[in-house]
Structure formats: structure tokens, C-alpha cells
Amino acid sequence: MTEFQSVFKQELAEYLEISQGTISDDTLRSTRRILLSFDSLLAEENANRISESAINHWIRKLQQINAPKTVSDKVSYLRKFLRYLQYKGYNVFMPGCPKTPDNYVPYIFSDGEIQTLLSCADSWASRHTGCFG
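Values in this document were obtained by computation on a predicted structure and should not be read as measured data. (Residues numbered from 1 in each chain as written. Predicted model: local features only at pLDDT ≥ 70, side-chain atom pairs only at ≥ 80, totals over all residues. Heavy atoms only, no water.)

A. Just the pattern of salt bridges, in detail. Under the defined criterion, the tally for this structure stands at three salt bridges. Linking Arg 29 and Asp 26 is a salt bridge whose minimum nitrogen-to-oxygen distance equals 2.3 Å. Here Asp 26 and Arg 29 lie together in helix 2 (residues 25-44), a separation of three residues that amounts to about one turn. Taking the shortest distance from any N to any O, the salt bridge between Lys 69 and Asp 73 comes out at 2.8 Å. Here Asp 73 and Lys 69 lie together in helix 4 (residues 68-87), a separation of four residues that amounts to about one turn. A residue is classified by how much of its surface remains accessible, and Lys 69, at 48% relative accessible area, is partly exposed. (Salt bridge = Lys/Arg side-chain N within 4 Å of Asp/Glu carboxyl O. Helix = DSSP H or I, 4+ residues; strand = E, 2+ residues; numbered from the N terminus. Buried < 20%, exposed > 50% of the residue type's maximum accessible area, 1.4 Å probe, protein only.)

The following block contains the structure:
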């Protein structure tokens, strides 16, 4: 398992240990993977603090290979760690969460589709009346 390498390796490990009981295993794995990515950048730059330029550099790297929603999610995970550092008394830059457009377009059923759906439901209910009572 890859370990943290930056000067914040102890804080990163503590944060994950504290988080272990409060989030799912999948979320914990995602958090670890995202924080390893950020830690790698800090170690690469030999950073002794978490500056605005380091965070912006990391975000730019994310934007090159990820969809906007993924970037926003990853920054959100980082922000939680940064809040933990602030709670511990560290002075760190807190990035905003990149906004993502809402591309969702709801599907509107036609009158005919609604009628078909209701007919099927009525048909199913009449065949399974013993199941509910």
C-alpha cells in the first residue's frame, strides 16, 4: 500500500484514521486515493505548507484528465481534510468548490406512455391481489 510522503503525512494518516468510523469503506478508499494524489504533489514540490498555488496546481492537473463533476468531488474531499488541518491550528488556503453545470434533462412521458404504464400496473395488481392482503 502506498504511503503518504509529504511533510503532512502524519496529519493525513490521522485524518483517515479518524474518518474510518464515520464513512463507508468505499468512501474511505476514495478519500485515501484523492489525498494520496494531493500528497504526491506536495512531496514532489517539497512543500512545507499548503499554499494557494499548490492547491491550484493540483486542481489544474485534475482538470486535464477528469470531468468537471469529478474535479468538484475531489476538491470537496480535499476541503474536508483542509478543514481538519484548520481545526488543528494550521493556516491553509481553502479552495472554493468548482461549480459544475447541471446538465440533467428530465424525460417527460407522453400521455400514451403514461397510459401504458398505468395499464401495466393495473394489470399486474389484478394478477397479484393475494400478495397485499
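B. Focus on helix 1 (residues 9-19). Listing the buried residues of helix 1 in full gives Glu 11, Leu 12, Tyr 15, Leu 16 and Ser 19. Summarising the axial view, the buried residues of helix 1 lie within an arc of 135°, below the 170-degree limit, and thus occupy one face. Residues Gln 10, Glu 17 and Ile 18 are exposed on helix 1 and point more than 90 degrees away from its buried face. Along its buried surface, helix 1 packs onto helix 2 and helix 4. (Arc of directions from axis to C-beta. Contact = heavy atoms within 4.5 Å.)

C. Just the packing of aromatic side chains, in detail. Taken as a whole, this structure holds six aromatic pairs when the rule is applied. Seen in terms of ring centroids, Tyr 15 and Phe 81 are 5.5 Å apart; in terms of plane orientation they differ by 70°. Their pairing is edge-to-face. Highlighted residues: Tyr 15 in helix 1 and Phe 81 in helix 4, separated in sequence by 66 residues. An identical accessibility class is assigned to Tyr 15 and Phe 81; each is buried. Among the aromatic residues, those joined into a cluster by ring pairs are Tyr 15, Phe 81 and Tyr 84. Over the ring of Phe 4 we find Arg 32; its NZ or CZ atom is 5.3 Å from the centre of that ring. We note Lys 80 situated over the ring of Tyr 77; from NZ or CZ to the ring centre the distance is 5.6 Å. (Phe/Tyr/Trp six-rings, centres within 6.5 Å; stacked < 30°, edge-to-face > 60°. Lys NZ or Arg CZ within 6 Å of the ring centre and 35° of its normal.)

Functional significance is not addressed by these values, which are geometric in nature.
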